[in-house]
Each structure stands twice: as C-alpha cells, then as structure tokens.
Amino acid sequence: MPLPDAKLHRSRRLLLAVAGFCGLVGLIVEYGTYPQAWTLNLARGLSALAVLLFLTEQVVSWRELVTFRRYLRERWPTFALSVLLILESLALLAGRETTWLNSALGRLSVGSITRAYLIVIQIYIVAVFAVELPHLHGSFARQRIRPAVAFVLVFVLLIVLGTGLLLLPRSTPAGQPLSVLDAAFTATSAVCVTGLIVRDTGTGFTPFGHAVILVLIQLGGIGIMSLTAALGLLLGRGIGVRESSLLREVFQVPMLSEVGRMIRFIIVMTFSLEAIGTVALYIGLDGAVPDGGSRLFVAVFHSVSAFCNAGFSTYSDSLVGLNERPLVMGTVSGLLIVGGLGFGVVAQLIAWFRGRSLRLHGRDYRLGLHGRTVLVASAILLLGGTALLLAMEWNHSLAGEPFLARLGQAFFQSATCRTAGFNSMDLNSLAPASIFLMIILMFIGGAPGGTAGGVKVTAVAIVWANLRSISRGLSRVRLGKRELDPVHVQRALLVLSTGLVVAVIALFVLLATENRPFLTTAFEVFSALGTVGLSLGLTSVLSPAGRVVIMVLMFIGRLGPLTLTSSLTGLAREPRVRLPRGRIMIG
C-alpha cells in the first residue's frame, strides 16, 4: 500500500495538472480566439477553477511538508501568489467597485500577475511532462533516452506547440490568417532564435501573436529544460537525477551537484540583463513607438530578442529607422554580444572580476582555457569584421556619413551577423565582398553554451590550432599553452565538416528550387544554418519546398551538428575487433 507521503505527492501532481489544463484552455479561449458570450464565460470559469485547484494544491503541499515554516521557506513565491489570489477573491465577494481592497489590488495588477503565473505554470507542466515522459509507464521507464535525443524532442515539442498557438485566430489580424507552413516556419525561427520571417512581425501579428513569439524566443534562448529546472527549484520540487544528467550534458558541467547552481545563475543572469536592457531601450525608444503601441512591450520584446540573439523586431525595417539612436543601438549590441559569449564564459568573467577586486586567488577566480579562447576569438572576429566592413564600405554604402556613424554601422553589422540577425542598414546596398565576409562570420557564429548559433568560435580555434600544430610537425595539438585531447579535435572537425556538408546540400537544393542568384541564396543558407536571421529578401518569396529547407537548417543550426549527430547515432563504444592498418596517399 502506498505511503501517505506518496499519496499526497500524487494528489499534488494531479491537482496541479488539472489546474494547468483548465487554466491553459481558459487562457487560449479567452485571449487566443474571438469567443462568444457563453464561450467567454466558460473560459473564465475554467480560469477560476484553475485558481481554486491551485489554492487547494497549496494546502496539500502544506500538509506534505508537515510544518508551515518549512512550507514558507521552500515555497514562498507560491505562498505569496496564494495570498494575493485569496485577497482578490475577498474583494470580488465584497464588491468590485466599492472596496478599498479592490482598489489596492488594482494597483498591484493582481489579475495580470495571476494570468502570467498561470501561463508559467502551463509551460512548467508541459516541460515536466516532456522530460518525465519515460517515467509514466514501466516499459518506457526502462528505456534509456540519451541527452541529445531528449534535447531534440523538447525542441520539436516546443515548435509544435508554438505552431498551434500562432494558428489561433487572435495571433494574426482579422482577415489575415496564417497558413500551417508559415506558422511552423515562424515558430521554428522563434524557437531556434533565428529571426528569419515569412510575414512581417510588426504588422502581420497581433499583440497576442507578439506575446507568443516572445515566449518562444525566451524558451528557445535559455532552453526549456533550464526553465523547467528553475521552476522546479522555485516551486520546491527540486531537480531529479534524470533532469540533472540531461542538463549536465547540455551545459558541460563536471559534476551533477553543480547543475542547480548553474541553472540559478543562468536564470538570474538572463532576466537581470534583459531587465536592464528593457529599461535602457524604454528610455531610448522615446518617440519611436507607433501610435497605439506599448513602448514597454516593444522594449521588452527587443531586449529579449537581442539577448537571445533572435533578431526578431516589431519594426518592419528591423533597426534601420533607429540607427541614429546611440542608446538603442548600444544596448542591443551589448545584449547580443554578452548572449553570444555563453553562460559559462560570463560566469568565469564575473568570478575573475570578483577575484581581482577582492584580491582572491585560486582556480575558481581564473579564466580557464575555454573562457580565454572564446574571448580572444570573439574579439578577433568582432574587431576584424568591423575593420574589413569599414574598409570595403567606406566609399560604398557608408559614403557621406560621419566617421563615428560609419564606425558604428560597421561595428554593429560585424556583431549582429555573427548570430543576432538585426540590421541597421540596407544589406542589398553592400558590396559582394562584404556579403561574402558576412557569410563567413555567420558560419562561425558565437560561443557554445549560450544563445548563439554557428559552428562556434571554439571549433574554429581548435581547427586552427590543429593546422598550426601540423605545420610545425607536432603530434599533439596545443592551444593556449595547453594540450588538447584528440577527442576535442575530432569533434571540432566533425562540427565544421558537418556544417559545410549541410550548407552545400541545402545550397544545391535551393538553387534548384528557387532559381535565384548564387550569392543571395548562399547568404540565406548560412543565415539560417548560423541562426542569424539576416536576409537579402529571399525568405519572404521562397517556395514551400524552400521554406522547409530553411526550417531544417534553422533546426540543425540551433541544436548544433554535434548534438544532432549524437541523437542519430548510437552510444560511443570501442570496436572489439581491430582491423589491419591501411595507407592512403594525401595531397
């Protein structure tokens, strides 16, 4: 017979699941459709039921933890929300128009907080279901799902859910429905933080549609499994061994015990930087938001899009109309550069600065080989790209502009074409050499472990170190006064070669199906594969087959060739039989 604790735990999960389902259906019907009176009342009734079940779940949770003090310590965020919900209910019973309590709750925007929290609960439930699906039945529990496979499945599920939400009537303006393929393309682009669009984001979607795209960008940027783990910590659920193993593989942390700390750092860093970016953009966008638009929402949207390196913009011309606003351009540049460095490198930088300021010494306060490689390679690509673009466009597209404006444009394009996807100038006015340079930068991308795409700067650095060691006749690859394991060199070569093979195949297919100029098509291919999102105008006129090819490229680019290869192949093992060695002439 199950223990009482097990029964309480099951009861909690059941209540939370039913509450999540009711709240999700209520929110979709009320805000995603144009409901009739009875349908609207039904949706609001489901939302009310979700709130009631949520409060009941909190009571059961209190019983499970035995003491109220422990419950308050472990689950204070949900307790605070429960208090607000109870106060809101009391205000409704006392009279909505007359009570001081209702006036105070109106200032706190409890209704908005409740709806936002319910949305988070839905995402949490779906994420937990996706991660714990193998445990729902004994036969599935015995199956071992590799981290790479789980990572792919989670992204596929998120794209499917995003497609469904974008197909809702209220996601697009009345009379402008979205086709299934276009909805899937937009969802894939948002989840894979790419920014390529087949419909103008600013005019082709409603505020509800913008909110859906924003959530997809955020989940795709920091990773839905990271958010799942963070919500588990927030709700007092903790992180299971299976989830810790998955996240350990994703973030490459040496020990399972460090997963929770890494998750907390990622969440705090992400939302802190996005909040700072929102404030700066809100100030910088003064007078630049169309009538009827929300300056706060536009600031939040662009802050999240920039940090997650998504490149989505609510402006039809991206940031071209804002290129004379230094605060806007500087904020976007800073967010996309930090997001492209990777969470691990930022953590190392913070620890290094802390050690320097407090005069602390030790391994925890030094930049490791990975951090130094990322910073040096990123600086070389950023500054080198700026100098080359400035030189090639000085008397071309940048002719006639002041020196600082030319320098700013070249710097921004050098930074954004490595993975972000915003553009501050007409790319069709660039010289062919500049376009080719941007293709190279898009293919390289940013650093692993963050929101950037491409084959990653570390892979390029390792391949360069390998070529240098071969030219010097060394049998070992050296980088930064360290010797690299052969497996790291093999993985770097695998990533580069797989990326090139995928790009060549996709380029051949698109040249056959679209019949467009070679450079324009190549630019689109590498933009999708590098999850950059820059375009020379080809995406919006692609055929259905071409759009599917770009979707596949965005998916491969976000997951990375190494992850995708690991998900398609078996576990690594040494062969039991060694074959005789052979020799082949090279060169």
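Structure: see above.
Parameters at a glance
Residues numbered from 1 in each chain as written. Predicted model: local features only at pLDDT ≥ 70, side-chain atom pairs only at ≥ 80, totals over all residues. Heavy atoms only, no water. Axes fitted to C-alpha atoms, helices over the stretch in contact; angles between N-to-C directions. Helix = DSSP H or I, 4+ residues; strand = E, 2+ residues; numbered from the N terminus. Parallel < 35°, antiparallel > 145°, perpendicular 65-115°, else oblique. Left-handed = near helix turned anticlockwise from the far one by under 90°. Contact = heavy atoms within 4.5 Å. Nonpolar A, V, L, I, M, F, W, Y, C, P; charged D, E, K, R; others polar. Phe/Tyr/Trp six-rings, centres within 6.5 Å; stacked < 30°, edge-to-face > 60°. Buried < 20%, exposed > 50% of the residue type's maximum accessible area, 1.4 Å probe, protein only. Lys NZ or Arg CZ within 6 Å of the ring centre and 35° of its normal. Expected span 1.5 Å × (residues − 1).

Draft legend 1. Just the packing of helix α20 (residues 432-444) against helix α23 (residues 518-529), in detail. Where α20 meets α23, the closest approach of the two axes is 9 Å, and the angle between their N-to-C directions is 20 degrees. On the basis of the axis angle, α20 is roughly parallel to α23. Handedness of the α20/α23 crossing: left-handed. When α20 is examined against α23, the residues Pro 432, Ile 435, Met 438, Ile 439, Met 442 and Phe 443 are found in contact with a partner set consisting of Leu 519, Ala 522, Phe 523, Phe 526 and Ser 527. Within the contact of α20 with α23, the residues separate by chemical class into 10 nonpolar, 1 polar and no charged.

Draft legend 2. Examining the packing of aromatic side chains more closely. All chains considered together, the criterion is met by 4 aromatic pairs. Ring centres of Trp 394 and Phe 403 lie 6.1 Å apart, and the angle between their planes is 55 degrees; on these two criteria the pair is classed as tilted. On the basis of relative accessible area, Phe 403 is assigned to the partly exposed category, the value being 48%. The interplanar angle of 80 degrees and the centroid separation of 5.7 Å between the aromatic rings of Phe 443 and Phe 526 together place this pair among those described as edge-to-face. Linking Phe 443 in helix α20 with Phe 526 in helix α23, this pair joins segments that are 83 residues apart in sequence. Neither Phe 443 nor Phe 526 differs from the other in exposure class; each is buried. Over the ring of Tyr 282 we find Arg 295, and its NZ or CZ is 3.9 Å from the ring centre. Sitting above the plane of the Trp 394 ring, Arg 406 keeps its charged end 4.1 Å from the centroid.

Draft legend 3. Geometry of the environment of Val 160. Residue placement: Val 160 occurs in helix α8 (residues 147-166). Owing to a relative accessible area of 51%, Val 160 belongs among the exposed residues under this scheme. Note: C-alpha distance between Val 160 and Ala 184 (24 residues apart in sequence) is 7.4 Å.

Draft legend 4. Representation of helix α11 (residues 207-222) within the structure. Here α11 is 16 residues long and its end C-alpha atoms lie 23 Å apart, about the 22 Å a rise of 1.5 Å per residue gives. Burial analysis of α11 places 12 of its 16 residues in the buried class, which makes it a mostly covered element. Looking only at α11, the buried set comprises Gly 209, His 210, Val 212, Ile 213, Leu 214, Leu 216, Ile 217, Gln 218, Leu 219, Gly 220, Gly 221 and Ile 222.

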